[in-house]
Amino acid sequence: MTVEVEATRAEHADATVAPGGSVSRRRRRWLLPLLLVGGWLLATAWRIWLARHAGMPFAHTDEDSYLNTARALAGGPGGFSSENETLRRIGYPLLIAPAFLLDREFLDTYLLVRVINAALNATILPLAYLLGRRLLGLRSGAALAAAVGAVTLPAVAFHPTVAMTDAVFGPLLLAWLLAVHRLVDRPGPVAAAVCGALAGAAHLVHSRGVVIVAGFALLVLALLVRRRLDPAVLLAAVLPVAVAALGNEAGVRLLGDTVRLLGEPAGGNAVRALTSVRGLSQVLASVGTQLWYLTVVTFGLAGLAGAEAVTRVCRRSGAAARWTFGMALLTTVGVAVGAEVVLAGVPDRVPDAIYARYVQVFAPFWMLVGVGLLFGTAYRPLLRRLGVTVLLLAAGGALIRLRLDHAEAEGARLRWGGFSAPDLMALTDGWRQMRPLVGAAIGIAGCLLLVLVLAIRRPAARTSLLAVVLAALVVLNVATMQVIAQRLIRPLATAGTPVPSVTGLGVRAPDRVAASTGVPYQLRFNLSHQVTWTEVPWFRDRPPADAEVVFARWAPGEPGDWDGARYGFVRLGGDPQRKWAGWRRR
């Protein structure tokens, strides 16, 4: 039975009412939208609450780059960006730029940015619901339960706490896959324009969008070869992508030199990474680790969904579902490979044990598909796919452990940081080192639990138990995010927040301000953000001649301690424990 037929039956079942049940039908008609809107509001509020400890940016230098660019787009002073010319995108800064138009203190502006993030990121709930209904053919209750599981995943719930593109890329990806399903199912100008616009938006937001655009181009080409697109539909599909690409170039040119780019082009490093045996093995190992990560943090559901997707792609029936799964597979693997190639090209970069940030946005989709399969797939095929997932989890955990041990034996220990995979760190208690065997055990335990659920043959009993499992998954997701907030977000935010604040030192417009590179960079960047009326240039020892206020290193008795009195400054205050002080020219 195709997915489309299953969806039709689900819709018919939901529409069926007993004679005289018009009142009940009207209530149900209003209940679902209310649940979706209420769930979206609750998910938005939860995301804002998770970020309550972070009054200042802590994901340096990515946040600083986007915030500086957004401020410049809003007509304010410029700053720096860690991007390079090749990877530069203005979509996300343009989205949050309105927060800077209010001309408020930076703390207020930053809060508004994260409110925007939270509201957009929480749209994962209705988008996941629609995917569950249309792609997987789930009934309303099952689709809603699966969507709640998707929207609470830490892989996506973490990012609205910071000013980064990942906060909006997750829902953008789900919307694009939903549009792909619609375009293949019912090709038309509107469907093509929406799908193209979403692909173009992905390109405008982040360089990962190049993979989305490539997948979309492949889809359009296939539909064109099969004569399912006429010239008008083809134009509607291609035009939004071209507009987005040209819009990005226009925005970059409009900014000019207002925002200085500090990122270096990859040059030949990326090519060498792909043409040398050692470099290629590192890229392939990193890609495999990212895919293994997706399976672990979804407790085996992503592995189950991936195995099903490969099977669906190889079938000849259900074109809309087959192409949607194909695009999801292509873009997931494509982003994983592209990210590793780009990162390998960064000069002097220390290799990571895992850097899963770029594939985290795919976690809700694969978890959603995995949950959907549990509600309608036959027992034996599902059991086989779970068996494959268990083998991949076990083999992946063992290979990653061997890779870590080998790197350490060679004296080249792989980096393991807080933004590499915060949910994996929280689940495995791996705050100091990566623990792949524990991660594999968690994923396998999830698969074994699903086997127990599937062993129940009575549909009603299985559905009830699945509801309990989904509720437990949501509780676990919320608990994991709470651990991340306490162990990662709060300490990093506290460490990077200057006390006293810039206004607490009496620094206000129109003071001309500069900052010494001797100030720890987290504090230097956050001090500069609070100076909203002018750009803050950097200096090493001698401040600019026109600087009226400077932030410099304050480390009594240590090398690099800055004595402003030599240059005619008097100290306003600061924090010698955290190595900074504010000075005003006499």
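Here's a quick rundown of the structure. (Residues numbered from 1 in each chain as written. Predicted model: local features only at pLDDT ≥ 70, side-chain atom pairs only at ≥ 80, totals over all residues. Heavy atoms only, no water.)

1. Here's the deal with the pattern of salt bridges
As a reminder of what qualifies: Here, a salt bridge means any side-chain nitrogen of Lys or Arg that lies within 4 Å of a carboxyl oxygen of Asp or Glu. Relative accessible area decides the class of each residue, using a 1.4 Å probe on protein chains only: under 20% of the type maximum gives buried, over 50% gives exposed, and in between gives partly exposed. A helix here means a DSSP run of H or I that spans at least four residues, while a strand means a run of E at least two residues long, and both kinds are numbered starting from the N terminus.
Here the structure, examined in full by the defined rule, presents 16 salt bridges. A salt bridge links arginine 104 to aspartate 108; its shortest N-O distance comes to 3.2 Å. Judged by its relative accessible area of 49%, arginine 104 is partly exposed. As a salt-bridge pair, glutamate 308 and arginine 312 come within 2.8 Å of each other at their nearest N and O atoms. You can see glutamate 308 and its partner arginine 312 sitting in helix α15 (residues 301-314), four residues apart, about one turn around the helix. For the pair formed by glutamate 308 and arginine 312, the shared burial category is buried. Among the charged side chains, a salt-bridge network with shared partners connects Asp62, Asp166, Arg208 and Arg357.

2. Description of the side chain of arginine 47
The following threshold applies: Two residue types count as positive, namely Lys and Arg, and two as negative, namely Asp and Glu; His and chain ends fall outside the count. For the purposes of these results, a polar contact is taken to be a pair of N or O atoms within 3.5 Å, where, inside protein, one atom must be able to donate a hydrogen and its partner to accept one; residues adjacent in sequence count only when each atom of the pair is a side-chain atom. Residue contacts follow a heavy-atom distance rule, with two residues in contact if any of their heavy atoms lie within 4.5 Å.
Take arginine 47: it is sitting in helix α2 (residues 22-50). Among buried charged residues, arginine 47 stands out as having no salt bridge; its nearest opposite-charge side chain is aspartate 423, 12 Å away. Among the polar contacts made by the side chain of arginine 47, one reaches the main-chain carbonyl oxygen of valine 151 at a distance of 2.6 Å. The contacts of arginine 47, once residues within four sequence positions are left out, are Ala118, Asn121, Ala122, Val151, Val156, Ala157, Pro160 and Thr161.

3. Here we look at the pairing of strand β6 (residues 569-575)
To keep things clear, this is the line we draw: Between any two strands, at least two bridges found by DSSP are needed for them to pair.
As paired strands, β6 and strand β7 (residues 580-585) are joined by six bridges and run antiparallel to one another. Counterpart to aspartate 575 in the pairing with β7 is tryptophan 580. Following β6, the chain reverses through four residues before pairing antiparallel with β7; lysine 579 in that reversal takes a positive phi of roughly 65°.

4. Details of unusual backbone geometry
Threonine 61 follows histidine 60 through a cis peptide bond whose omega is 5°. The omega angle of the peptide bond from valine 499 to proline 500 is 5°, so this bond is cis rather than trans. The topology assignment puts proline 500 in the loop between α21 (459-496) and β3 (513-516). The backbone of aspartate 103 shows a phi angle near 55°, a positive value even though the residue is not glycine. Along the chain, the position of aspartate 103 falls in the loop between α4 (91-96) and α5 (106-121). Although it is not a glycine, aspartate 429 sits at a positive phi angle of roughly 55°. Position of aspartate 429 relative to the elements: it lies in the loop between α19 (422-428) and α20 (436-454).

5. Regarding the sheet that holds strand β5 (residues 549-552)
Note the threshold: Note on method: axes are straight lines fitted to C-alpha atoms, helices fitted across the in-contact stretch only, with angles between N-to-C directions ranging 0 to 180 degrees.
A sheet is described by the order of its strands in space; here five strands give the open sequence β4-β3-β5-β7-β6, paired in mixed fashion. On the outer flanks of this sheet lie β4 (538-539) and β6, each paired with one strand and no other. Note that β3 and β5 share three bridges and pair parallel. Residue valine 513 lies in a different strand from β5, and its bridge partner there is valine 549. Packed onto the sheet, helix α22 (residues 521-530) meets β3, β4, β5 and β7 and runs at close to 175° relative to β3.

6. Overview of the packing of helix α6 (residues 124-134) against helix α7 (residues 140-151)
The cut-off we apply is this: By the definition adopted for this analysis, an angle is roughly parallel if under 35 degrees, roughly antiparallel if over 145, roughly perpendicular if from 65 to 115, and oblique otherwise. Put simply, a crossing is left-handed when the front helix is turned counterclockwise from the back one by less than a right angle, and right-handed when it is turned clockwise. Polar here means any residue outside two lists: the nonpolar Ala, Val, Leu, Ile, Met, Phe, Trp, Tyr, Cys and Pro, and the charged Asp, Glu, Lys and Arg; Gly therefore counts as polar.
Between α6 and α7, whose axes approach to 8 Å, the crossing angle comes to 140°. In terms of orientation, α6 lies oblique with respect to α7. In this structure, the crossing between α6 and α7 has a hand that is right-handed. Residues Ile124, Leu125, Ala128, Tyr129, Gly132 and Arg133 of α6 pack against Ser140, Ala143, Leu144, Ala147, Val148, Ala150 and Val151 of α7. Grouping the amino acids of the contact of α6 with α7 by side-chain chemistry returns 10 nonpolar, two polar and one charged.

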